[in-house]
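Here are the chains, one letter per residue:
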Amino acid sequence: VDPLPIPAVLKPKGNSVNAASYQATMTEFQQQLLPAGFPATTVWGYERSFPGPTIEARRDKPVAVKWINELPQQHLFPIDTTLHGSEPWQPQVRTVVHLHGAHTKPQFDGYPEDWYTSNQRKNFAVFNYKNDQEPASLWYHDHAVGNTRLNVYAGLAGLYTIRDDVEDALNLPSGAYEVPLLIQDRIFTGEGDLFYPYVSDVETAPCPSVIPVFVGDTILVNGKSWPYLEVEPRKYRFRVVNGSNSRPYRLRLVPDAAPDTSLPFHQIGTDGGLLDKPVPVGKLVDGEPAGPQVTVAPAERADIVVDFSSFTPGDVITMRNLGITDFPSTETVTFLIQFRVVESSGPDTSVLPAALRPVPRLDQARVVKERNITLDVVQDEYLRPKFLLGNARWMDPITEDPRLNTTEIWNFINTTPNGHPMHVHLVTFEVLSRRNFDVEHFNNTGEIIFTGPERLPPNENGRRDMVRVPPGTVVKIIAHFDIPGRFVYHCHFLDHEDHEMMRPFEVVPGGGKSAKS
């Protein structure tokens, strides 16, 4: 019943020879997330907005952002003080901003332990972003150790777009016809407040307790519950961002007049930028999805172009979620956003080119090391499930130490019963393969025996900073490490990340000359 809000573009406070200067303050406020007649909801956000304002950047044009914490000392949600970083002696409200997908120095990456509070002498941090990477849809969100799931859920997230002249010249849909779709799920109380579950299924767990995975029953897009967007009968570019804590989405466009059909569309980009050519998706065979799927796990992005030109004013198309079976068992929330076709305001002069731009590739012949990283599940001291990487905790010694200016292959080996969306800071990597293996044999012997062929849908064949690792699967990625310092990689189920499924890695001196591709 409500129109889709479009986040405002953050205006710079000033420009210098070195960088455009921005300022974003985190505060608590109320916003109408639910339809009129429901109470306004108390949220946290940047510049009194949930989601925060969009930062528009240009490639190789640096940006400096002053992130200011003016949040209250009391958290919106109960704190599990058994988690590392959230102990009783730590302040409840701690923040540090991570620009997800950014190629940046470690001191500007939002390292989880670099948090600060509103009552410190210095309640802000100035982060410099060089934007020396492919044009892409990035997003910023909080990353404080032990509290990421709660801070992001409270509203600390926003969009960040990098553009360049090459992409501008492609004449893709732009302006009012390029629309961000930040999808998040939430639970509301009868009073309109946000609710985050804090009681574990495990009887021996403390209360409040972290839960294995969060899924909400209400979908927000750009901070509004189940909105609609009026569209003209022409092409649109949608920059889809999954900002949910844990819920994955498999997207399908369904005309209301023909609910058994699906509108074909094209994916033109992934996390790290444009694909080399558009990939047609959404085709149905015998009423069931076939071929590549437009799937966005938490923190993944999908850049898509939808052509509504075959529709007439009054037609309605709904973006639906088919769900994902290889992720934690979740009840599928089917409807996301409604598109209502209206009269055209003029001719569509945009194009969907046959070729977009070459995707930078890494040379596998230059790989200096291949690492196996297991995704594991154990029980913590309260008998709760705890997911780990390489069977190590956050505070254990660093085991991943790529040399500066070298290329490595990492194999994510999922021994757990559900999928995980894996995120590696600093780099945009390529996914080389996804392949099933014999988990029981591996657990007994440490030997990988593959049980199926390599699989990689063409719409995943671009630069990535996220990769879905289904259960019983080995996913192989290749990355180049060209900035020294300490970063992190982790599962982007935020409950898992806060409960030890996050590890530091350190890029150490001693590599050769830089060779990104």
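Quick caveat: nothing in here was measured; it's all calculated off a predicted structure. (Residues numbered from 1 in each chain as written. Predicted model: local features only at pLDDT ≥ 70, side-chain atom pairs only at ≥ 80, totals over all residues. Heavy atoms only, no water.)

**Quick notes on the overall build of the protein chain**
When you go through the protein chain residue by residue, the secondary structure sums to four helices and 33 strands. Relative to the compact-globule value of 24 Å for 517 residues, the protein chain shows a C-alpha radius of gyration of 22 Å, a close match. Taken along its principal axes, the extent of the C-alpha atoms in the protein chain is 60 × 55 × 55 Å. Looking at the protein chain residue by residue over its 517 residues, the buried ones come to 59%. Taking the contacts inside the protein chain whose residues are at least 6 apart along the sequence as the reference set, 78% of them involve residues at least 24 apart. Averaging the coordinates of the 48 positive side-chain charges in the protein chain and doing the same for the 63 negative ones gives two points 6 Å apart. (Helix = DSSP H or I, 4+ residues; strand = E, 2+ residues; numbered from the N terminus. Rg over C-alpha atoms; globule rule 2.2 N^0.38 Å. Buried < 20%, exposed > 50% of the residue type's maximum accessible area, 1.4 Å probe, protein only. Contact = heavy atoms within 4.5 Å. Lys, Arg positive; Asp, Glu negative; His and termini not counted. Charge placed at Lys NZ, Arg CZ, Asp CG, Glu CD.)

**Here we look at the sheet that holds strand E11 (residues 218-221)**
Strand order across the open sheet formed by seven strands is E12-E11-E10-E14-E21-E16-E17, with mixed pairing between neighbours. Bordering the open sheet on either side are strand E12 (224-225) and strand E17 (273-281), each of which pairs with just one other strand. Here strand E10 (residues 178-186) pairs with E11 via four bridges, running antiparallel. Looking across to E11, one finds that aspartate 185 is bridged to isoleucine 219. (Pairing = 2+ DSSP bridges.)

**Side note on the environment of tyrosine 160**
Mapped onto the elements, tyrosine 160 comes out in strand E9 (residues 157-163). As a C-alpha pair, tyrosine 160 and glutamate 56 span 104 residues in sequence and 6.0 Å in three-dimensional space. In this structure the side chain of tyrosine 160 is engaged in a polar contact, spanning 2.7 Å, whose partner is the side chain of asparagine 131. (Polar contact = N/O pair within 3.5 Å; in protein donor to acceptor, adjacent residues only side chain to side chain.)

**Quick notes on a nonpolar patch on the surface**
Residues Phe195, Tyr198 and Val199 make up a contiguous nonpolar surface patch of about 250 Å² in total accessible area. Mapping tyrosine 198 onto the fold places it in the loop between E10 and E11. (Patch = residues over 30% accessible without salt bridge, like charges linked within 9 Å, V, L, I, M, F, W, Y side chains within 5 Å. Areas by Shrake-Rupley, 256 points an atom, 1.4 Å probe, with all protein chains shown as cover. Salt bridge = Lys/Arg side-chain N within 4 Å of Asp/Glu carboxyl O.)

**Observations regarding the packing of aromatic side chains**
Within a pair of aromatic rings, the relevant descriptors are the distance that separates the centres and the angle that separates the planes. Under the definition given, this model contains 28 aromatic pairs. Aromatic side chains tyrosine 236 and phenylalanine 238 sit 5.9 Å apart centroid to centroid with 10° between the ring planes, which places their arrangement in the stacked category. Look at phenylalanine 238 and you get buried, because its relative accessible area is 0%. Arranged with centres 6.5 Å apart and planes meeting at 40°, the rings of phenylalanine 412 and tyrosine 489 form a pair that is tilted. Here the residue phenylalanine 412 occupies a position in strand E26 (residues 406-414), and tyrosine 489 occupies one in strand E32 (residues 485-491), the gap between them amounting to 77 residues. Note on accessibility: phenylalanine 412 and tyrosine 489 belong to one class, buried. Seen from the ring of tryptophan 115, arginine 94 lies directly overhead, with NZ or CZ sitting 5.5 Å from the centre. Seen from the ring of tyrosine 228, arginine 340 lies directly overhead, with NZ or CZ sitting 3.7 Å from the centre. (Phe/Tyr/Trp six-rings, centres within 6.5 Å; stacked < 30°, edge-to-face > 60°. Lys NZ or Arg CZ within 6 Å of the ring centre and 35° of its normal.)

**Brief notes about the pattern of salt bridges**
Taken as a whole, this structure holds 35 salt bridges when the rule is applied. Residue aspartate 495 pairs with arginine 149 through a salt bridge whose shortest N-O separation is 3.9 Å. Of this pair, aspartate 495 sits in helix H4 (residues 494-498) while arginine 149 sits in helix H1 (residues 148-154), and the two are 346 residues apart along the sequence. In this pair, the class of aspartate 495 matches that of arginine 149, namely buried.

**Some points on the pairing of strand E22 (residues 316-321)**
Relative to E22, strand E15 (residues 249-255) is paired through five bridges, and the arrangement is antiparallel. When the bridges of E22 are listed, leucine 251 appears paired with asparagine 321. With five bridges connecting them, E22 and strand E23 (residues 335-341) associate as antiparallel partners. Bridge assignment links arginine 320 to a residue of E23, and that residue is phenylalanine 335.

**A word on the sheet that holds strand E28 (residues 429-436)**
Remark on secondary structure: sheet strands pair via backbone hydrogen bonds, oriented parallel or antiparallel. Strands sit in the order E25-E24-E26-E31-E28-E29 across an open sheet of six strands; the sheet is mixed. The strands lining the two open edges of the sheet, one partner per strand, are strand E25 (385-389) and strand E29 (463-464). Pairing between E28 and strand E31 (residues 473-481): six bridges, direction antiparallel. Following the sheet pairing, valine 431 is matched in E31 by isoleucine 477.

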